[in-house]
Each structure stands twice: as structure tokens, then as C-alpha cells.
Amino acid sequence: DSGSVSVRLDPEQLLSLQADPAAYGLQLSSMLFTDPVKTAFALVRGEVGASEHLRLRLRIRKSANSLHGLRWETMTDPLNEGRTLMTSHSVLFSRFIESGDFRRTDSRSRDDQRALIVVANPTDLDSFDLGLAALDVESSVEQAKAALGDGIKTKVLASNGRATVERIFADLKEGYDILYIVAHGRLSKSGQPFLVLENEEGETEQISGARLLEEFYAMVHRPRLIVLAACESAGNGELEGDEEALTALGPLLAQEGIPAVLAMQGQITIETAGSFMKAFFKALQDQQGIDSAVAVARNRVRERPDWWRPVLYMRSKSGRMSYYK
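The rules behind each value
- Residues numbered from 1 in each chain as written.
- Predicted model: local features only at pLDDT ≥ 70, side-chain atom pairs only at ≥ 80, totals over all residues.
- Heavy atoms only, no water.
- Core = buried A, V, L, I, M, F, W, Y, C linked by side-chain atoms within 4.5 Å.
- Buried < 20%, exposed > 50% of the residue type's maximum accessible area, 1.4 Å probe, protein only.
- Helix = DSSP H or I, 4+ residues; strand = E, 2+ residues; numbered from the N terminus.
- Contact = heavy atoms within 4.5 Å.
- Pairing = 2+ DSSP bridges.
- Axes fitted to C-alpha atoms, helices over the stretch in contact; angles between N-to-C directions.
- Phe/Tyr/Trp six-rings, centres within 6.5 Å; stacked < 30°, edge-to-face > 60°.
- Lys NZ or Arg CZ within 6 Å of the ring centre and 35° of its normal.
- Polar contact = N/O pair within 3.5 Å; in protein donor to acceptor, adjacent residues only side chain to side chain.
- Left-handed = near helix turned anticlockwise from the far one by under 90°.
- Nonpolar A, V, L, I, M, F, W, Y, C, P; charged D, E, K, R; others polar.

### Topic: the nonpolar core
Ranked by internal contacts, the top residues of the largest apolar core, which has 52 residues, are Leu225, Leu262, Met277, Phe280 and Phe281. Of the residues forming this core, the biggest block, 7 residues, is contributed by helix 9 (residues 270–285). If sequence neighbours within four positions are ignored, phenylalanine 280 has contacts with Leu225, Leu262, Ile290, Ala293, Val294 and Ala297. Judged by nonpolar contacts, the second largest core, of 33 residues, contains Ala163, Leu213, Leu252 and Ala263.

Structure (C-alpha cells):
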């Protein structure tokens, strides 16, 4: 139909390039930006101008959720193949998620923002055949607080039987803008996502994505932003079949109605995560839109080999989440 262009993506070819993000991004960009798309992109960019923001939203329907497994963030600029597209301050990129939940997100004064920090480090991780290492709880809490900055009030549920699903949602009912989770995340053999949280004894309790969605669905006032600082929380970035991306927590939470979800696509280094989060929340505190804040943060870590791993899922077309009155 008018305005539609068909492009062909080759998953097998992209899979062969996963060890080289630069080559992967170049190939994915060439697949997407065929002549009609590239021409349209050039026209829009020319109209926007070099000094203005260009907002790109990748809209993926539920029927094509397997496309979340592609590393869209690595794409090169079709007008300058020597540069990555998403590390520019002027390019605001997000994966736009449709949701059937139309509940409004209430505004809150900037000075009243609150964040709940959760760090789950079960005492019996080595008892499970999951290859999970113990987390440095103190360092994780310090990093989260440093990223959030002094302008956001925080409460911490960290280890020792405090990082339970019951306590998390009991506290969220008190009203929090941000839920910042540091935990192991894995996809099961059947393709189901889960977070490794704790029970009251501090031992492992695996919480399925379906359970989390049920809990959020029952809430009246939900967080505006969820940060999943967990391995594979946005999928593992590998094309292992439709189920891999379908069941990843990031897009599922956005589909449930969370305004914005910032998740990690595969394993991200502590150094990259720390620098990214600090730059991201600083930009957000400066009242920039969330996609703009992500662009600033990506630019900050652009020299890191895993700069592309943070992924933003959004419902907002404007890039803002009504953080401030």
C-alpha cells in the first residue's frame, strides 16, 4: 500500500556477525535502509537540520516480536557508514511498544521523585546449575545511588531476604517513579523469562515474567520507568528463535503498560553500565526526554565495546513521561 516499503532481513547472516558489532551494525543498516528508505531518511534529516533532534521509533508489532532479538542499536548511519547512528546526541531512538493499557501516568513534582532500588543476591546461587555468580551487593547499591543522583529519594531492598517479590510490590504501592532492579535474569529452556530474586530466608526464588506482569497489572499507580540492570533482561541479543524475544522481560513490561523500560540486551560490563546510568539519570534530571537522555548516555559510552547493550522500550510518542509538574 501507499507509503509502505518491503525490506528483507537475513537473520542467518546477522547471526554470523554477532562477534563484530561494527560489522553487524553495518550489515543491518544496509538491509533496512534500501534505496527508498534511505532516500526518505535523507529527506527527513535534511528537513530536521543538523542542530535539531531526529526522533526514530522502531515500531514492532506483537506478531513480529522476534525482531526484538536484532541489535538495532548497532546500526550505522546510512548517510555516513563510518559512524554509528545511535551514538549521536541528535538521534533519539527507542523501540516503540503498543499497549492495550491506557491508564494515565500521573505527574509528580521534580523534588518528589522516588526510586526503589532492588539488589537480589541469593545465598544459594552456587546450588543451581545456572552459571550465576554472586553479586557485589554493596557496590551495586552504591552504583545505583550514584547513577540516580542526589535529587531522587531512594529506598533499598538489598539481599538478606529483603529482595523478595512480595516486599517489592508492597513498597511499590507506596508510590515510586522508578524501579531499579539489579539481579540475574535468564531465559529458561522453554523460552520463559525470569528474574532470580530471593525468598524470606535469602535463598533463590525464580520469579517468572508472567508473575511480574500479573503483579503490575493489579497496581493502580505503577512506576514510570523500570530499569532492569540484569543479564538478558532485553533478550540475549542472539537469534535463537521467536520465543527468545517474545518472552524477554523488557518488551513484555512495556506491553503491560509501563511507560518506559530500560533493559540490558545480554551481558553488560560494570564499567559500561555505571557510566551509562550516571549519564542517563543526569540528563533525565535536567528535564530531557527519556529517549534524549538515552542518546546522551549512549554517546558517553560510545568507545566501550558493549555500548549498544542498553535498550529503551517506550510507549510515549513524545519521549517524555510527565516526570515534572
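So that's the structure; there's more coming.
### Points about the side chain of serine 29
Mapped onto the secondary structure, serine 29 falls in helix 2 (residues 21–32). When its relative accessible area of 3% is taken as the criterion, serine 29 is described as buried. When neighbours within four sequence positions are excluded, serine 29 is seen to be in contact with Met75, Thr76 and Pro78.

### Quick word on the sheet that holds strand 9 (residues 193–198)
To summarise the sheet geometry, strands pair through backbone hydrogen bonds and adopt either a parallel or an antiparallel arrangement. As summarised here, the arrangement of the 3 strands in space is 8-9-10, forming an open sheet in which the pairing is antiparallel. The open sheet terminates on both sides in strands that have one partner only, identified here as strand 8 (184–187) and strand 10 (204–208). The mean angle between the axes of side-by-side strands here comes to 35°, regardless of whether they run parallel or antiparallel. Across 4 bridges, strand 8 lies against strand 9 in antiparallel orientation. Along strand 9, the bridge assignment pairs histidine 184 with valine 196.

### Details of the sheet that holds strand 7 (residues 178–182)
The strand order 1-4-13-12-11-7-5-6 describes an open sheet built from 8 strands, whose pairing is mixed. Two strands close off the open sheet at either side, each with one partner strand: strand 1 (54–59) and strand 6 (153–158). Sheet twist, expressed as the mean angle between neighbouring strand axes with direction ignored, is 20°. Note: strand 4 (residues 91–96) against strand 13 (residues 310–314), 2 bridges, orientation parallel. Within strand 13, the residue paired with phenylalanine 96 across the bridge is methionine 314. Helix 4 (residues 137–148) rests against strand 5 (114–119), strand 6 and strand 7 of the sheet, and its axis sits at about 160° to strand 5. The strands touched by helix 10 (residues 290–300) are strand 1, strand 4, strand 11 (225–229), strand 12 (260–264) and strand 13; relative to strand 13, the strand with the most contacts, the crossing angle is about 170°.

### Looking at the packing of aromatic side chains
Counted by the stated rule, this structure contains 5 aromatic pairs. Between phenylalanine 276 and phenylalanine 280, the aromatic rings sit 6.4 Å apart at their centres with planes inclined by 10°, giving stacked as the arrangement. Note that phenylalanine 276 and phenylalanine 280 are positioned in helix 9 at a spacing of 4 residues, about one turn of the helix. Of the two residues, phenylalanine 276 and phenylalanine 280, neither departs from the other in class, the shared state being buried. Grouped by ring-pair contacts, the aromatic residues Tyr180, Phe276, Phe280 and Phe281 constitute a single cluster. Its guanidinium or amino end placed over the ring of phenylalanine 96, arginine 57 lies 5.5 Å from that ring's centre, counting from NZ or CZ. Against the face of tyrosine 24 rests arginine 71, its NZ or CZ located 5.4 Å from the ring centre.

### Brief notes about the side chain of arginine 222
Structurally, arginine 222 is set in the loop between helix 6 (209–217) and strand 11. For arginine 222, the side chain forms a polar contact with the main-chain oxygen of glutamate 256, separated by 3.1 Å.

### A short note on the packing of helix 9 against helix 10
Closest axis-to-axis distance for the helix 9/helix 10 pair is 8 Å, and the angle between their directions is 145°. Judged by the sense of rotation from one axis to the other, the crossing of helix 9 with helix 10 is right-handed. Residues Ser275, Phe276, Ala279, Phe280, Ala283 and Leu284 of helix 9 pack against Ile290, Ala293, Val294, Val296, Ala297, Arg298 and Arg300 of helix 10. In terms of residue class, the contact of helix 9 with helix 10 is made up of 10 nonpolar, 1 polar and 2 charged.

By themselves these figures say nothing about function.
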